[in-house]
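# Secondary and tertiary structure notes
Single-letter residue listing:
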Amino acid sequence: MKHCTQCSALIDDDAKFCYQCGRKNIEQMEPQAIGVRISREKKKTPTKAKIISVISVVLMLSGLIIASFVGLKWYFSAEQRLIRALEEGNMEIALKIIEEEASVQNSSTLEEKLRKRIKLIQTDFETESIEYQEAILELNNIWKIGIEELWNEIYLVQVYVQELNDSRIAFGRAEILFDDHEYLKAITMYKQVNSEDSHYEAAKVRISEAEKLYREEVLADAAAYAQTGTYLDAIAVLDAALMTLPGDTQITQQMHMYEKAYADQILADTLENASLHAETGDYLTAVTILRAYIDVYGTNTSVSSRLNDYSEDYANDVLMTAERMVHNNDYPGAIAAIQSACINVPNNVRLIDRLNEYSIHYASEIVNQSEEKLAEEDYDGAMEVVYEGLMLLPESQILRDQSKKIDDIRPKNLLDVCEPFGEGYIVYNKERTFRMAGEACTNGVTINSGDNTVMFSLNGQYTEVTFYAGHLDHVNTNMGRLLIYLDGELYASYDFNFDSPIAYVEIPVVGVKQLKIYATDNMGLNSTELGCADMIIK
């Protein structure tokens, strides 16, 4: 048997062709040699798969070379170099790149590239591709470039980044607070998460959970206070919670319940406290306690009934005290005691009637005392007595009338009451003086003797005018004459030489409407001056 040189199949030694492949002229070979030959033939003939593999490798290497070239070109492009410089904060390189670009392209192209970069910074921060500090640093660096058209956009993105960063920080802190069971603080922080934050929906869910847990916590704290009877603290806790959970039904209902319990507690304590004071005879304190309760919490049947009882007891005590004072003729003390009682127990008929009785009696005594002073023409003393009574009884019409009477009849400075008019006179008051008979005089007038006049309108309201008249010192020695006219009729005349003493003049003016004082001299030279001092009207 031998092998076919074509396909290595075994065939008969005398076979002229191969039964397997049909090859003719088959030569007998050793199996080992045939195998080597076949192997060599296979190596010399490349297969289709190998060709495809070689082509793929070539294409891949070409793609890598092209991609590397493109990548390097992109990496070293002006735009990417500028971005890297801005990210690194290297403004010197960034400005140099901008100058280079400005020489080969217009400013609008550079501005548009930077505008895209600003938007990309915002997007990258939104997606958390860059950190807050990186975003702010690069935005600040773009700002430093000095393109004013971009400033507003940079500012808006900075604000956006800042607010979003604050929101993220708030959410992170809120989570920590929530885990630490600080629900009130957590709620506050969760509410700072804005709608642009990716945590916004989670924050809303967390708020709901925190509010529920906070409500449970608050109700439990309030209940603990209520169990010890400190309802005010319980109410304060719930009231504070309503600031965070306004209108919460459970908290509101619980607070109303504690408020009622607190009111009941206050009522019981008030009645007990007032009763303890009343038992010791201290009705004033008992009344004060009950009135204070009404002022704060309003009218209550129990309190009002108890107040009426204690008020009557207090009035009885005061009236007994006042009667003892009146017995000792101490009307001021009795009146003061009842006045104080009327403040504490207003509208008590018995106190009011007794006060009026004592007030009228005391006012009458005051009037009698003042009349005695008036009889002595002690007008200041009379008014002092009346003022003392008015200090105690400011509303007393009797004393007011007496005060007016004293004021009407007491002497007054004529110049203060009636405005002088006429010609050739000079008015002197406390700040100015003139001299007559060697004495300093004031509160009057000086009149030139050249037929000059000073007049006063009395309107029939007064009874008497008095003054001191005389010749002025340090003028000529001519005689001067002073003529007094009442409603145009001569009443009196007075002659004065330079050495004449001062004369006291009394003029009755009952019903007189006008007083005229006329000055003249015996020479008709207008050279003498006469004076009227301390002019008093009654």
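Residues numbered from 1 in each chain as written. Predicted model: local features only at pLDDT ≥ 70, side-chain atom pairs only at ≥ 80, totals over all residues. Heavy atoms only, no water.

### Details of the nonpolar core
Membership of the largest hydrophobic core comes to 73 residues, with the highest contact counts inside it found for Tyr 190, Tyr 310, Ile 338, Leu 351, Tyr 358 and Leu 399. Once residues lying within four places of it in the same chain are set aside, the contact partners of Tyr 190 are Phe 171, Ala 174, Glu 175, Phe 178, Ala 203, Arg 206 and Ile 207. Counting 28 residues, the second largest nonpolar core, distinct from the first, contains Val 454, Ile 484, Phe 496 and Ala 519. (Core = buried A, V, L, I, M, F, W, Y, C linked by side-chain atoms within 4.5 Å. Buried < 20%, exposed > 50% of the residue type's maximum accessible area, 1.4 Å probe, protein only. Contact = heavy atoms within 4.5 Å.)

### Some words on the sheet that holds strand S9 (residues 452-457)
Across the sheet, five strands lie side by side as S4-S9-S14-S11-S12; this open sheet has antiparallel pairing. At either end of the open sheet lies a strand with only one pairing partner, and these are strand S4 (421-423) and strand S12 (489-496). When strand polarity is set aside, the average angle formed by the axes of neighbouring strands in this sheet is 15°. Relative to S12, strand S11 (residues 480-486) runs antiparallel, the two being bridged by seven bridges. By the bridge assignment for S12, Gly 480 is matched with Phe 496. (Pairing = 2+ DSSP bridges. Helix = DSSP H or I, 4+ residues; strand = E, 2+ residues; numbered from the N terminus. Axes fitted to C-alpha atoms, helices over the stretch in contact; angles between N-to-C directions.)

### So, the packing of helix H6 (residues 132-145) against helix H7 (residues 151-179)
Relative orientation and spacing of two packed helices are given, respectively, by the angle between their axes and the distance between those axes. One can describe the packing of H6 onto H7 by two numbers: an axis separation of 10 Å at closest approach and a directional angle of 165°. In terms of orientation, H6 and H7 fall into the roughly antiparallel class. You can see that H6 and H7 cross each other, and the crossing is left-handed. Residues Tyr 132, Ala 135, Ile 136, Leu 139, Asn 140, Ile 142 and Trp 143 of H6 touch H7, and the partners they reach there are Trp 151, Ile 154, Tyr 155, Val 157, Gln 158, Val 161, Gln 162 and Asn 165. Each residue belonging to the contact of H6 with H7 can be placed in one class, and the counts come to eleven nonpolar, four polar and no charged. (Parallel < 35°, antiparallel > 145°, perpendicular 65-115°, else oblique. Left-handed = near helix turned anticlockwise from the far one by under 90°. Nonpolar A, V, L, I, M, F, W, Y, C, P; charged D, E, K, R; others polar.)

### Some points on the packing of aromatic side chains
Going through the model one piece at a time under the given rule, you end up with nine aromatic pairs. For the cation-ring pair, Arg 168 lies above Phe 125, with the distance from its terminal atom to the ring centre recorded as 4.3 Å. For Arg 206, the ring lying beneath its charged end belongs to Phe 178, and the centroid distance is 4.1 Å. (Phe/Tyr/Trp six-rings, centres within 6.5 Å; stacked < 30°, edge-to-face > 60°. Lys NZ or Arg CZ within 6 Å of the ring centre and 35° of its normal.)

### Looking at a nonpolar patch on the surface
Taken together, the side chains of Trp 143, Trp 151, Tyr 155 and Leu 156 make up a nonpolar region of the molecular surface, amounting to roughly 400 Å² of accessible area. Considering each element in turn, the nonpolar patch owes the most residues, three residues, to H7. Checked against the element boundaries, Trp 151 lands in helix H7. Here Trp 151 falls in the partly exposed class, since its relative accessible area comes to 31%. (Patch = residues over 30% accessible without salt bridge, like charges linked within 9 Å, V, L, I, M, F, W, Y side chains within 5 Å. Areas by Shrake-Rupley, 256 points an atom, 1.4 Å probe, with all protein chains shown as cover. Salt bridge = Lys/Arg side-chain N within 4 Å of Asp/Glu carboxyl O.)

### Structural notes on the environment of Asn 328
Position of Asn 328 relative to the elements: it lies in the loop between helix H13 (301-327) and helix H14 (331-344). The exposure class of Asn 328 is exposed, given its relative accessible area of 59%.

### As for helix H17 (residues 397-409)
One turn of the α-helix equals 3.6 residues, which is why residues spaced by three or four share an orientation. Helix length check: H17 (13 residues) gives 18 Å between terminal C-alpha atoms against 18 Å at 1.5 Å per residue, within 8%. Burial in H17 covers these residues: Leu 399, Gln 402, Ser 403 and Ile 406. The arc that holds every buried residue of H17, seen down its axis, measures 100°, which confines them to one face. (Expected span 1.5 Å × (residues − 1). Arc of directions from axis to C-beta.)

### Focus on the pattern of salt bridges
Per the stated rule, a full pass over the model turns up 17 salt bridges. Close ionic contact of Arg 206 with Glu 175 constitutes a salt bridge, the shortest N to O distance being 3.0 Å. Highlighted residues: Arg 206 in helix H9 (residues 200-227) and Glu 175 in helix H7, separated in sequence by 31 residues. Put simply, Asp 495 and Arg 481 hold a salt bridge, and the shortest N to O gap is 2.6 Å. Placement of the pair is Asp 495 in strand S12 and Arg 481 in strand S11, with a sequence separation of 14 residues.

### A word on the confidence of the model for the chain
Averaged over the chain, the pLDDT score is 85; the fraction of residues at 70 or greater is 83%. Here helix H1 (residues 31-44) is the element of the chain with the lowest mean pLDDT, 47, and strand S13 (residues 503-508) is the one with the highest, 96. (pLDDT = per-residue confidence, 0-100.)

### Observations concerning a negative patch on the surface
Together, Asp 179, Asp 180, Glu 182, Glu 217 and Asp 221 line one region of the surface with negative charge. When you line up the elements, Glu 217 lands in helix H9. What makes Glu 217 partly exposed here is its relative accessible area of 32%. (Lys, Arg positive; Asp, Glu negative; His and termini not counted. Charge placed at Lys NZ, Arg CZ, Asp CG, Glu CD.)

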